[in-house]
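# Results of the structural survey
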Protein chains: 2
Amino acid sequence: MKIAIAGLGLIGGSFAKAIAARTRHRCIGYDTSPEILRKALESGQIEDASLGAFSEADIVLVALYPSAAVEFLKANSGSFKEGAIVIDLCGVKRYVTDSVNGLFPHCTFIGGHPMAGRELSGFNAAQATLYDGASMILTPGENVPAETLKTCENFFLSLGFAKITLTTPEHHDEMIAFTSQMAHIVSSAYAQNPIVYSFDGFSAGSFADMTRVAKLNENMWTELFLLNRDYLTEQLDVLISQLTKFRKNISEANNKELNHMLRCGREIKEQIEKR
Amino acid sequence: MKIAIAGLGLIGGSFAKAIAARTRHRCIGYDTSPEILRKALESGQIEDASLGAFSEADIVLVALYPSAAVEFLKANSGSFKEGAIVIDLCGVKRYVTDSVNGLFPHCTFIGGHPMAGRELSGFNAAQATLYDGASMILTPGENVPAETLKTCENFFLSLGFAKITLTTPEHHDEMIAFTSQMAHIVSSAYAQNPIVYSFDGFSAGSFADMTRVAKLNENMWTELFLLNRDYLTEQLDVLISQLTKFRKNISEANNKELNHMLRCGREIKEQIEKR
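This write-up is about the structure you can find in this document. (Residues numbered from 1 in each chain as written. Chains lettered and ligands numbered in written order. Predicted model: local features only at pLDDT ≥ 70, side-chain atom pairs only at ≥ 80, totals over all residues. Heavy atoms only, no water.)

All names here are of chain B. Counted by the stated rule, this structure contains 28 aromatic pairs over all chains. Consider the rings of phenylalanine 104 and phenylalanine 109, whose centres lie 6.2 Å apart with planes at 40 degrees: the pair is tilted. Take phenylalanine 109: its relative accessible area is 16%, and that puts it in the buried class. Ring geometry for tryptophan 221 versus phenylalanine 225: centroids 5.6 Å apart, planes at 45 degrees, classification tilted. In this pair, tryptophan 221 and phenylalanine 225 are both assigned in helix α8 (residues 218–226), 4 residues apart and thus about one turn of the helix distant. Residues tryptophan 221 and phenylalanine 225 agree in their burial class; the two are buried. (Phe/Tyr/Trp six-rings, centres within 6.5 Å; stacked < 30°, edge-to-face > 60°. Buried < 20%, exposed > 50% of the residue type's maximum accessible area, 1.4 Å probe, protein only. Helix = DSSP H or I, 4+ residues; strand = E, 2+ residues; numbered from the N terminus.)

The following block contains the structure:
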């Protein structure tokens, strides 16, 4: 197949590198940086760097920030070929899906979100192995033919993904608020403490894990958070409420309740690990 | 030297295993479980399992829960030999230090806390390599001779520790509330969410990291938290306040402030990583 990728940052770049390293598909790439396009061309990860070539693509991947992805899709919807599969890779799915609704009736649009990342961004940080073992979330509409979906599944599995998770844009956004977006907020909030600079010598793995993803791209995450703020505030309310309960039981020295809460947390973690 | 260890769980057991594997010191061990004592004797990690032999030890390590450590030290203070170095390994330092103050004027007492752990407990989970690269915190009183401290430092470094961190019991308890205790609470609170069981397929590294230490020993941590509740509630207040600020900026769609907070968190993480 011919695969076109709009945006050769960490996510799009890793797709280009994985496609080049592991498949025989031919790749068209587009990015606003001529420097990155040159690099991708020279290394053979893409064979064409022109937006015009997107009209030849069987699958179009859009790896841009959500607002830029919608803008790109609106500007280029007419140029995709009949029957092309168009997949955005943004971290929020309701916004993109709603925005492009009905935009290209001659193509099949599917929302996507690869569950992988790094604390680095850009094409240079992109890796052919980034998606190894990860889940690829797809949020196909009801009208997507089973055959088209099968094509997508095979394509993603061939790049290293371990499984495909099919869901709705709504459920995706709710779950992602909990599993990913809130983790980034907690990590950032945890690090923003006056005594953080004295941590050296007083920490083991838990502090490092807790603050790992504080090293994030604030422009991208601000956009993602604001496009999912209903679910995200809901999730933050749950967490703040649990932390407040912990705080109360600790300040009141409520041994029994504190022990009970900790036991619940342990049992939950043990249960989900078994899955 | 002769080293006596009270309590052969994860922490004490790892000391016994590291001493046996890496030094020529001879080890005396004591535990309430005859089964564990038998194992440690048979594997040669200790050569004596009698409490009476503690009177021969040059260094006594107490690897029990804080209240049990204090109880043990009170009950056995008279039996340690003249000039012995007595070190407790509990996760809180003010409580233990204050409780044993003046208890054995013929020995040198030093508070200690090895910065290492696992999400498992007990002698079977103990590892000779547990302390490799870790920081060993010591909180010696002002009267501890430099020579005694040097003996301790050399001893811990010989077991795999990468460095010794000297501080006061107060500063230890404040820092540990932030770097370790609160991380365990956040992890537990994070996991206690009604939608947690649906996480499969929707998570990458950040969720796993965030909930890793929820798998904790609730009896030990309840005790540790309650013995450090002034500092711990202080730290929880800082975190809850930061999370509440994030929540406000998200719900009000305050793009600028949200971006600013995320940038601050990233810059802090980048700065502390450089140290």
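The next thing to look at is the sheet that holds strand β7 (residues 163–166) of chain A. Adjacent strands of a sheet pair through backbone hydrogen bonds, lying either parallel or antiparallel. Residue and element names in this part refer to chain A. Strand order across the open sheet formed by 7 strands is β2-β1-β3-β4-β5-β6-β7, with mixed pairing between neighbours. With partners counted over all chains shown, the strands left at the sheet margins are β2 (26–30) and β7, one partner each. Direction aside, neighbouring strands of the sheet carry axes that sit 25 degrees apart on average. The strands that helix α1 (residues 10–22) touches are β1 (2–6), β2, β3 (59–62) and β5 (108–114); relative to β1, the one it contacts most, it runs at about 160 degrees. Against the sheet, helix α6 (residues 169–191) engages β5 and β6 (135–140), with an angle of about 145 degrees to β6. (Pairing = 2+ DSSP bridges. Axes fitted to C-alpha atoms, helices over the stretch in contact; angles between N-to-C directions. Contact = heavy atoms within 4.5 Å.)

The subject of this paragraph is the pattern of salt bridges. Here the structure, examined in full by the defined rule, presents 36 salt bridges over all chains. The shortest N-O distance in the salt bridge between Lys215(A) and Glu273(B) comes to 2.9 Å. Highlighted residues: Lys215(A) in the loop between α7 (205–211) and α8 (218–226) and Glu273(B) in helix α10 (residues 255–274), drawn from two different chains. Its salt-bridge partner being Arg94(B), residue Asp173(B) comes within 2.8 Å of it at the nearest N-O pair. With a gap of 79 residues between them, Asp173(B) in helix α6 (residues 169–191) and Arg94(B) in helix α4 (residues 94–100) connect regions that are remote in the sequence. Across the pair, exposure class does not vary: Asp173(B) and Arg94(B) are buried alike. Shared partners join several salt bridges into a network, and the residues in it are Glu35(A), Arg38(A) and Glu42(A). (Salt bridge = Lys/Arg side-chain N within 4 Å of Asp/Glu carboxyl O.)

The interface of chain B with chain A comprises 90 residues on the first partner and 90 residues on the second. When the two sides are added together, the surface that chain B and chain A hide from each other amounts to roughly 8500 Å², 68% of it contributed by carbon and sulfur. Where chain B meets chain A, there are 10 salt bridges. Salt-bridge contacts for Arg247(B) lead to Asp237(A); the nearest nitrogen and oxygen are separated by 2.6 Å. Here chain B and chain A share 28 residue pairs in polar contact (both at pLDDT 80 or more) between them. (Buried area = accessible area lost by both parts, 1.4 Å probe. Polar contact = N/O pair within 3.5 Å; in protein donor to acceptor, adjacent residues only side chain to side chain.)

Everything listed here is a matter of coordinates, which is why it stays silent on function.
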